[in-house]
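Each chain, letter by letter, is given below.
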Amino acid sequence: MNRVRLFSLYIMLLVTGALLTVSCNSCQSSKNVIAPELYIQRSPRFNTDSAYTFVAAQVAFGPRVPGTAEHAACGDWLVVKLNEFGAEVIEQKAEVTHYDGRNLPLRNIIARYFPEKEKRVLLFAHWDSRPYADEEAEPTRQHQPIAGADDGASGVGVLLEIARQLQHQPTAVGVDIIFFDLEDWGQPSFSDKWVQGDWWCVGSRYWSEQPHVENYTASYGILLDMVGAGGATFMQEGYSVQYASNIVEKVWSTAAKMGYGNYFLPKHGGYITDDHLPVNQHNRAPSVNIINLKTDTRTGFGPHWHTLRDDMRNIDRNSLKASGQTVMEVIYTESPG
Ligand code: AHN
Ligand code: ZN
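Residues numbered from 1 in each chain as written. Chains lettered and ligands numbered in written order. Predicted model: local features only at pLDDT ≥ 70, side-chain atom pairs only at ≥ 80, totals over all residues. Heavy atoms only, no water.

Draft legend 1. Here's a closer look at the environment of A153. The topology assignment puts A153 in helix α4 (residues 149-168). For A153, a relative accessible area of 0% translates into the label buried. What A153 contacts, discounting residues up to four positions off in sequence, is V55, Q58, V59, R64 and G148. (Helix = DSSP H or I, 4+ residues; strand = E, 2+ residues; numbered from the N terminus. Buried < 20%, exposed > 50% of the residue type's maximum accessible area, 1.4 Å probe, protein only. Contact = heavy atoms within 4.5 Å.)

Draft legend 2. Focus on helix α8 (residues 317-332). With 16 residues, α8 extends 22 Å from end C-alpha to end C-alpha; this agrees with the ideal 22 Å at 1.5 Å per step. Within α8, 14 of the 16 residues are buried, which leaves the element mostly enclosed by the surrounding structure. Structurally, the start of α8 carries an N-cap: the backbone nitrogen of N318 is 2.7 Å from a side-chain oxygen of D316. (Expected span 1.5 Å × (residues − 1). Polar contact = N/O pair within 3.5 Å; in protein donor to acceptor, adjacent residues only side chain to side chain.)

Draft legend 3. Structural view of the pattern of salt bridges. As enumerated under the stated definition, the model contains 16 salt bridges in all. Close ionic contact of K81 with E84 constitutes a salt bridge, the shortest N to O distance being 3.2 Å. Note that K81 and E84 are positioned in helix α3 (residues 69-84) at a spacing of three residues, about one turn of the helix. Judged by its relative accessible area of 45%, E84 is partly exposed. Here D311 and R313 are joined by a salt bridge, their closest N and O atoms 2.6 Å apart. Given the relative accessible area of 16%, D311 is considered buried. (Salt bridge = Lys/Arg side-chain N within 4 Å of Asp/Glu carboxyl O.)

Draft legend 4. Looking closely at the packing of α3 against α4. Running from amino to carboxyl end, α3 crosses α4 at an angle of 25°, the nearest separation of the two axes being 9 Å. With respect to their mutual orientation, α3 and α4 come out roughly parallel. Contact with α3, carried on its side by W77, L78, K81, L82 and E84, involves V156, L160, A163 and Q167 of α4 and no other residues of that element. Residue composition of the contact of α3 with α4, by class: six nonpolar, one polar and two charged. (Axes fitted to C-alpha atoms, helices over the stretch in contact; angles between N-to-C directions. Parallel < 35°, antiparallel > 145°, perpendicular 65-115°, else oblique. Nonpolar A, V, L, I, M, F, W, Y, C, P; charged D, E, K, R; others polar.)

Draft legend 5. Quick look at the side chain of T171. For T171, the position within the fold is in the loop between α4 and β4 (174-180). Owing to a relative accessible area of 3%, T171 belongs among the buried residues under this scheme. For T171, the side chain forms a polar contact with the main-chain oxygen of V173, separated by 2.7 Å.

Draft legend 6. Main features of the site of ligand 1. Neighbouring ligand 1 are 13 residues, the closest being D151, E183, D184, D225 and T273. In this structure, a nitrogen atom belonging to ligand 1 sits 2.7 Å away from a side-chain N or O atom of D225. Protein contacts shield 88% of the accessible area of ligand 1, which totals 320 Å² for the unbound molecule. Here the shell around ligand 1 is built from residues that sort into five nonpolar, three polar and five charged. (Near = heavy atom within 4 Å. Areas by Shrake-Rupley, 256 points an atom, 1.4 Å probe, with all protein chains shown as cover.)

Draft legend 7. Structural context of the sheet that holds strand β1 (residues 88-97). Taken in spatial order, the six strands of this open sheet run β1-β2-β4-β3-β5-β8, and their pairing is mixed. This sheet does not close on itself; its edge strands, each paired only once, are β1 and β8 (287-291). Ignoring strand direction, the axes of neighbouring strands in this sheet form an average angle of 20°. Sheet analysis places strand β2 (residues 103-113) next to β4, joined by five bridges and oriented antiparallel. Its bridge partner lying in β4, A111 is registered against I177. The strands that helix α6 (residues 238-257) touches are β5 (220-225) and β8; relative to β8, the one it contacts most, it runs at about 65°. Along the sheet, α8 makes contact with β3 (120-126), β4, β5 and β8, crossing β5 at roughly 170°. (Pairing = 2+ DSSP bridges.)

Okay, here's the thing in structure tokens:
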């Protein structure tokens, strides 16, 4: 067979594959999805090894529990990396009193890209890790802090890789990346008395009430929470659909076009109190949560959630890639105004 005939055979196979995919997708309700193999990607290639290394580096500090030396050291490292990747870095520091009466340091880390651009997209994740593994079966183990490879470090690792790419190739829109602190210090299930108050998402609520720029708003926001586990399924979380259904559509259809439809499921998930909630409630940006939700676990999250098993063994490069490349494609295809 000569090269021309081989080439036309290749094209025929591609087109046949495309048609098959289209007819299959249309019966599953995702609309206008062209075959991923024919989609021409516009974003730079998300480097999965790089993202993986950024997750591992955070975990190597030890649990990032607010008020500990490990937390402080990891925070310093995040600031160093963001500066290295050409961001303008702003730190928001405060002291907050928690349900247990303890005073905790709060440190939100904010990276600005192309601050002169008016239209902005906000990307965020939490960098603290939970002080107690309260979903462990064995009560004595429930008081130990978790490694938080998936819960915390995965979203931050993906965003660090995006920051690294932004330095090399700019987007048409401005991008703000925020690593929120104190997301995961909600009262543990073993508490003997419940203290009235909002103890989850403390960093994002603090920022939503007092953003780094007065009257800050972004066109939209994307939260990445627990994006690293193998076989992650990003269902369409309730508050995301309630506050930002058009952004849910934008992100999930982009994922489907790129061939990540097996991660980004076009199915409704439950309502999760997470960092996007205060951001939405204070109208800082209509925001969606990319979060691994399960229908076959007791908690609705991955089986390792808030256990001592949330370590690097859980982290799968393919899940980092699916979430990272999708978010990159969304921001690199965004028009300036
Ligand atoms: C609640 O379970 C209330 N929120 C889950 C949000 C979360 C915790 N994300 C990571 N850790
Ligand atoms: Zn958590």
